[in-house]
Amino acid sequence: MRKLLNVLYVTNPEAYLSRDGENVVVRVTEEEVARIPIHLLESIVAFNYIGMSPALMGLCAERKVTVSFLTEHGKFLATVHGPTSGNVLLRRQQYRLTEDEETSGMVASWLVAAKIANCRAVLQRAIRDHGSSIDVEKLRRASQRLRDSLERVAACTDLSVVRGIEGEAASVYFACFNDLIVAQKEDFAMDGRSRRPPLDNMNAMLSFLYTLLTNDMKSALETVGLDPAVGFLHRDRPGRPSLALDLIEELRSYLVDRLALSLVNRRQVSGKGFERRENRAIHMTADTRHTVISAWQRRKQDVITHPFLKEKIQIGLLPYVQALLMARYIRGDLDGYPPFFWQ
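Residues numbered from 1 in each chain as written. Predicted model: local features only at pLDDT ≥ 70, side-chain atom pairs only at ≥ 80, totals over all residues. Heavy atoms only, no water.

## As for the overall build of the protein
Point 1. Each helix and strand counted, the protein has 11 helices and 12 strands in total.
Point 2. Taking 20 Å as the expected radius of gyration for a compact globule of 343 residues, we find that the protein reaches 20 Å, a close match to that expectation.
Point 3. Taken over the C-alpha atoms alone, the protein extends approximately 60 × 50 × 40 Å along its principal axes.
Point 4. Summarising the internal contacts of the protein: among those between residues at least 6 apart in sequence, 62% fall at separations of at least 24.
Point 5. Both charge centroids of the protein, one from 46 positive and one from 41 negative side chains, sit 2 Å from each other. (Helix = DSSP H or I, 4+ residues; strand = E, 2+ residues; numbered from the N terminus. Rg over C-alpha atoms; globule rule 2.2 N^0.38 Å. Contact = heavy atoms within 4.5 Å. Lys, Arg positive; Asp, Glu negative; His and termini not counted. Charge placed at Lys NZ, Arg CZ, Asp CG, Glu CD.)

## Quick look at the packing of helix α9 (residues 252–265) against helix α10 (residues 286–301)
Point 1. Running from N to C, α9 and α10 point in directions that differ by 125°, and their axes come no closer than 11 Å. Considering the angle they form, α9 stands oblique to α10. The two elements α9 and α10 meet at a crossing, and its hand is right-handed. Listed contacts from α10 to Y254, L255, V256, R258, L259 and L263 of α9 are V292, A295, W296 and R299.
Point 2. When the residues that make up the contact of α9 with α10 are grouped by side-chain class, the tally is eight nonpolar, no polar and two charged. (Axes fitted to C-alpha atoms, helices over the stretch in contact; angles between N-to-C directions. Parallel < 35°, antiparallel > 145°, perpendicular 65-115°, else oblique. Left-handed = near helix turned anticlockwise from the far one by under 90°. Nonpolar A, V, L, I, M, F, W, Y, C, P; charged D, E, K, R; others polar.)

## Overview of the nonpolar core
A general trend in soluble globular proteins is that nonpolar side chains are found buried together.
Point 1. With 94 residues, the main nonpolar core has M202 and M205 as its most contacted residues.
Point 2. Counting residues per element, this core draws most heavily on helix α7 (residues 201–224), which supplies 13 residues.
Point 3. When residues no more than four places from it in sequence are discounted, the contact partners of M205 are F188, A260, L263, V264, V269, F274, M284 and V292.
Point 4. If you look at the next biggest cluster of nonpolar residues, it comprises 19 residues, including L8, V10, I44 and C60. (Core = buried A, V, L, I, M, F, W, Y, C linked by side-chain atoms within 4.5 Å. Buried < 20%, exposed > 50% of the residue type's maximum accessible area, 1.4 Å probe, protein only.)

## Here we look at the sheet that holds strand β4 (residues 31–37)
Point 1. Spatially, β4-β3-β2-β6 is the arrangement adopted by the four strands of the open sheet, whose pairing is mixed. Each edge of the open sheet carries a strand with a single partner, namely β4 and β6 (51–52).
Point 2. As judged from the six bridges shared by strand β2 (residues 15–20) and strand β3 (residues 23–28), these two strands associate in the antiparallel manner. Paired with D20 across the bridge in β3 is N23.
Point 3. Lying on the sheet, helix α1 (residues 54–62) is in contact with β2, β3 and β6; it crosses β2 at an angle near 65°. (Pairing = 2+ DSSP bridges.)

## Thoughts on the pattern of salt bridges
Point 1. The final tally for this structure, using the stated rule, is 18 salt bridges.
Point 2. The salt bridge partner of R140 is E137, with a shortest N-O separation of 3.3 Å. Here R140 and its partner E137 are both found in helix α4 (residues 136–154), three residues apart, which amounts to about one turn of the helix.
Point 3. Residue class for R140 comes out partly exposed when judged on its relative accessible area of 46%.
Point 4. Using a relative accessible area of 44% as the deciding quantity, one classes E137 as partly exposed.
Point 5. In this structure, R152 engages E168 in a salt bridge whose closest nitrogen and oxygen atoms are separated by 3.1 Å. (Salt bridge = Lys/Arg side-chain N within 4 Å of Asp/Glu carboxyl O.)

## As for helix α2 (residues 88–99)
Point 1. Here α2 contains 12 residues, and its C-alpha end-to-end distance of 17 Å stays within 8% of the 16 Å for a straight helix at 1.5 Å per residue.
Point 2. Considered for burial, the residues of α2 that qualify are L90, R91, Q94, L97 and T98. An end-on view of α2 places all buried positions within 125° of arc, on one side of the element. Along α2, exposed side chains directed more than 90 degrees from the buried face belong to V88, L89 and E99.
Point 3. The secondary structure elements touched by the buried residues of α2 are α3 (101–130), α7, α8 (242–248) and α11 (318–331). (Expected span 1.5 Å × (residues − 1). Arc of directions from axis to C-beta.)

Right under this line is the structure:
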């Protein structure tokens, strides 16, 4: 099993990254604040606007360390990586399968089924843990509707119908997401999912964490030799990592939603850590971004037993494991792709 390496998150907008031998050096106003050996890193995610030296970019490309640049608020800008890994035959087969409407519908149904099941598990966990302080009947009704959606999508291979079921299930799930917030209700009230821009504090945190998860998945897909831009559920669009978006669907509720709820309900973040801009968009402050990223990194260290492999792995390896299983399916080593079901 692959070793979980570190992701270097650079959140200080004044930071500049450079190379010193085999090390990544982070400087702020000419003062060295961090030095990390390149062999310890899997990727670098930079929220800064000063940048990185060409020498360090070359070292990262040589050592297969993906570099992603985002705005200070988490909007994706660009990714730098070395030569494409994997063999051309795998990618050609990926392109053939994604171009087939029936195959795309079948794979999409597997992905959406796992997404719905994991969303339902979040609701059921909330009923178990917070039954005395939430609207249990409302969540049970939503859980039943998700169960109905799960049964429908499991028997469907029509891509357009699968997308419709996924949209309906997402609406049901997020319609009761606000009920899962049991602390700091006045600061983190959420009326459905809003994106581009996020219009409340919880949506801002979810969008930020989804971006981190997407970056991890893109790196994982590159590592196993697949093209992150060509997916089954999400279709081709310039600049969109469609396959990465496909594979994070099954992981969103398990990795991101639960973490965001935990940060709020345990009061590890507060409403003071969010700001509203002129376009009504909500952004996290630098301190809150640091808190969220630190929690994200700690979460990756947790160990679970993978439901398909039956092996203990760190949660941070889930994107890589699912990317590897997708590559094995596309190559023909598996009869079907086994999505991640939270147990």
